[in-house]
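The lines below spell out each chain.
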Amino acid sequence: MIEIDTFIGEIQQHLPGIQATNDPAALRDYAIDGVLPRLVVTPGSAEEVASVIALTSQYGLTALARGGGSRMHLGAIPEPFDVLIETGKLTCLQEHEAADLTCQVEAGITLADLQARLATKGQWLPLDPSDAAQSTIGGILASNASGPKRLRYGTARDLVIGLRVVQASGEIARSGGRVVKNVAGYDLNKLYIGSLCTLGVIVEANFKLQPLPANERTLLLTFANSQDAMRTVIAIQSSLLLPSAMELIDSGAANDMSDFFGLSLPTNGYTLALDFEGSIGTIERQMDEVRLIARTNGALLGDDLAEAEQEQFWSVVREHLVGPVTCKAAILVSQMAQYLQKLEGICRRHELESVVIAHAGNGILYIELRPGDATPRLVKAIAELRQEAQDARGSLVVERCPVDLKRRIDVWGAPGANFRLMQRLKEQFDPKGTFVKGRFVGGL
């Protein structure tokens, strides 16, 4: 294997002044599940990213990209790798065509920074995952991260209209375009989004934007059980009502929010939080209709939140699930109430506690299991929860857990019927294995 000092010399010869370090103390800050890179490189442009990857491939080394680091816990334990490419210097908002509701940005800009710049023109990128101050656009796209408002606006796959991606050869490929009506050819954007840097490094993205909401209000409803809450959700989805978010919060999450964040939520039963945007008249009419539907399902009407109080509430919801063991289950909305009952039974059998916040209108549940160090019991509980999700025509992924637990489970679960296609894509896009393997589905 090539000596890393030799490789650093090659980088500095071809890219004078580029920041690169193999100092052991610095490398520890970039460990992924205990696996340290041999070298950290911080390019200052997309072209420098391409040059670093080209050299990495030329010398038979392996590479992985990192943005703000807020989602490096995702996936399985990576194989040992050589070069970590930090994208934190790619922070330019290259174009903002406010009249067309589009923008072009580099991948290293944080979501919070981008939103602040877009807000000066009364617009925003309708993505609201957690850690906006740390999460970069590249990291959000690589993990396909989203938040409560995916109910109305969709995920990154729905908002990206073009990408620039550095391929394993070091070539820069462009997919899509800069305008919304760009539909010619294959939609390669969707291949890269959510691929965890297994097919290429995203260095630039074009998005379609939305105007900032003129007004926004949140309605809180409380239910004695999940069945009544989900009947309300299904009834709302069957109506003409258009909430931007519908989050279901169980008593465990409500307790946490009360104890640690000072929010006053009922700590018995379930809370359903609905976010509405638009004119005051439209919001009030929709909230009145939701109240009528909720009353027929035994809801206790809670608070209406607005302005700073509302902003704090949604911030806490987005940031809440950061516990040692967090699973993401995706199932049919019609199966959620039954799945929550199964969850309670599984936790009782294995002497565990659960905390749940769910995108109720999308069928996505974020489940924190406690205690996080009960490894043998967690292994069994996760296997049962995954089987229950599959029985409900869904899936379960372990998004966050300690390394010792990762070694004993498959965080992704068994690959699906399309895994051979995924392997062929990996072979086509990265024939030399330049992008580190191990983290993605099936070890890709």
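Before reading further, recall that the structure is shown in the block above.
The text that follows walks through the structure, step by step, so that each part is easy to find.

What counts, and at which threshold
Residues numbered from 1 in each chain as written. Predicted model: local features only at pLDDT ≥ 70, side-chain atom pairs only at ≥ 80, totals over all residues. Heavy atoms only, no water. Helix = DSSP H or I, 4+ residues; strand = E, 2+ residues; numbered from the N terminus. Buried < 20%, exposed > 50% of the residue type's maximum accessible area, 1.4 Å probe, protein only. Contact = heavy atoms within 4.5 Å. Areas by Shrake-Rupley, 256 points an atom, 1.4 Å probe, with all protein chains shown as cover. Lys, Arg positive; Asp, Glu negative; His and termini not counted. Charge placed at Lys NZ, Arg CZ, Asp CG, Glu CD. Pairing = 2+ DSSP bridges. Axes fitted to C-alpha atoms, helices over the stretch in contact; angles between N-to-C directions. Parallel < 35°, antiparallel > 145°, perpendicular 65-115°, else oblique. Left-handed = near helix turned anticlockwise from the far one by under 90°.

### Digging into the overall build of the protein chain
So, step 1. Of regular secondary structure, the protein chain possesses 16 helices and 19 strands.
So, step 2. When the backbone C-alpha atoms are referred to their principal axes, the protein chain occupies close to 70 × 55 × 40 Å.
So, step 3. A total of 444 residues make up the protein chain; the buried ones form 55% of that total.
So, step 4. In the protein chain, the share of contacts with a sequence separation of at least 24, taken over all contacts with a separation of at least 6, comes to 72%.
So, step 5. In the form shown here, the protein chain has an accessible surface area of approximately 19,000 Å², with 49% of it arising from carbon and sulfur atoms.
So, step 6. Taking the average place of the 42 positive charges on the side chains of the protein chain and the average place of its 52 negative ones, the gap between the two points comes to 5 Å.

### A word on the sheet that holds strand β4 (residues 83–86)
So, step 1. Spatially, four strands are ordered β1-β2-β4-β3 in an open sheet, and the strand pairing comes out mixed. Bordering the open sheet on either side are β1 (19–21) and β3 (63–66), each of which pairs with just one other strand. For this sheet, the mean inter-axis angle between neighbouring strands, taken without regard to orientation, is 20 degrees.
So, step 2. Across the sheet, helix α1 (residues 4–14) lies against β2 (39–42) and β4, angled at about 10 degrees from β2, the strand it touches most.

### So, the packing of helix α9 (residues 226–237) against helix α11 (residues 280–296)
To describe two helices that pack against each other, one gives the angle between their axes and the distance between the axes.
So, step 1. One way to put it is that α9 packs onto α11 with a least axis distance of 9 Å and a crossing angle of 140 degrees. Accordingly, the angle class assigned to the pair α9 and α11 is oblique. In this structure, α9 crosses over α11, and the sense of that crossing is right-handed. For the pair α9 and α11, contact is made by Thr 232, Ala 235 and Ile 236 and by Val 290, Ile 293 and Ala 294, respectively.

### A word on the sheet that holds strand β17 (residues 353–359)
So, step 1. Strands sit in the order β15-β12-β14-β13-β17-β18-β16-β19 across an open sheet of eight strands; the sheet is antiparallel. Among the strands making up the open sheet, the edge pair consists of β15 (300–306) and β19 (395–400). This sheet shows a mean twist of 20 degrees between the axes of neighbouring strands, independent of strand direction.
So, step 2. Sheet topology places strand β16 (residues 326–330) next to β19; five bridges connect them, and they run antiparallel. Along β19, the bridge assignment pairs Ala 330 with Ser 395.
So, step 3. Its contacts with the sheet place α11 against β12 (216–223), β14 (270–277) and β15, and it is angled at close to 5 degrees to β12.
So, step 4. The sheet contacts of helix α14 (residues 375–391) involve β16, β18 (364–370) and β19, and relative to β19 the element is tilted by about 140 degrees.

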